[in-house]
Amino acid sequence: MKKITRITFPNQSFHDNVTTFELEDFEVKNIFDDCVFGWWGETYVKVNREDYDKLKEDE
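Residues numbered from 1 in each chain as written. Predicted model: local features only at pLDDT ≥ 70, side-chain atom pairs only at ≥ 80, totals over all residues. Heavy atoms only, no water.

K.L.:
How do you make sense of helix H1 (residues 49–57) when you look at a structure like this?
P.N.:
Note on helix geometry: an α-helix contains 3.6 residues per turn, so any two residues three or four positions apart are oriented the same way. For H1, the complete set of buried residues consists of Asp51, Tyr52 and Leu55. Down the axis, H1 shows its buried residues gathered within 100 degrees of arc, on one side only. The opening residue of H1, the one whose side-chain oxygen lies 2.9 Å from the backbone nitrogen of Glu50, is Asn48. (Buried < 20%, exposed > 50% of the residue type's maximum accessible area, 1.4 Å probe, protein only. Helix = DSSP H or I, 4+ residues; strand = E, 2+ residues; numbered from the N terminus. Arc of directions from axis to C-beta. Polar contact = N/O pair within 3.5 Å; in protein donor to acceptor, adjacent residues only side chain to side chain.)

Take a look at the structure:
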């Protein structure tokens, strides 16, 4: 079963559920209580902190 990661893309006020997100493809820039900002490929995105923490646990 693939994990769902909630990601907010630039110029969006809502998140998308993404199943193809891998931490190895994500360059963290800022970590906050509720979200993590960074580069996913060539796009700067906001990742839900709860989802990010779950992915980190599985590494």
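Text resumes after the structure shown.
K.L.:
Whenever I open this one, the nonpolar core confuses me. Can you help?
P.N.:
The biggest cluster of nonpolar side chains holds eleven residues, and these are Ile7, Val18, Phe21, Leu23, Phe26, Val36, Trp40, Val45, Val47, Tyr52 and Leu55. Counting residues per element, the ones that place at least two in this core are strand E4 (35–40), strand E5 (43–48) and H1. When sequence neighbours within four positions are dropped, the list of residues in contact with Leu55 reads Lys3, Thr5, Phe21 and Leu23. (Core = buried A, V, L, I, M, F, W, Y, C linked by side-chain atoms within 4.5 Å. Contact = heavy atoms within 4.5 Å.)

K.L.:
Explanation requested: the pairing of E4 in the structure shown.
P.N.:
For a regular strand, the rule is simple: side chains alternate between the two faces of the sheet. When strand E3 (residues 26–31) meets E4, the two strands line up antiparallel, connected through five bridges. Bridge pairing links Phe26 to Trp40 in E4. The antiparallel pairing of E3 with E4 creates a hairpin that spans three residues between the two strands. Pairing analysis gives six bridges linking E4 to E5, with the strands arranged antiparallel. Within E5, the position partnered with Cys35 by the bridge is Asn48. (Pairing = 2+ DSSP bridges.)

K.L.:
What is the right way to read unusual backbone geometry from this model?
P.N.:
Residues other than glycine predominantly adopt negative phi, and peptide bonds predominantly adopt the trans conformation. Even without being a glycine, Asn11 presents a positive backbone phi close to 65 degrees. The topology assignment puts Asn11 in the loop between strand E1 (5–8) and strand E2 (16–18).

That's the geometry; what it means functionally is another story.
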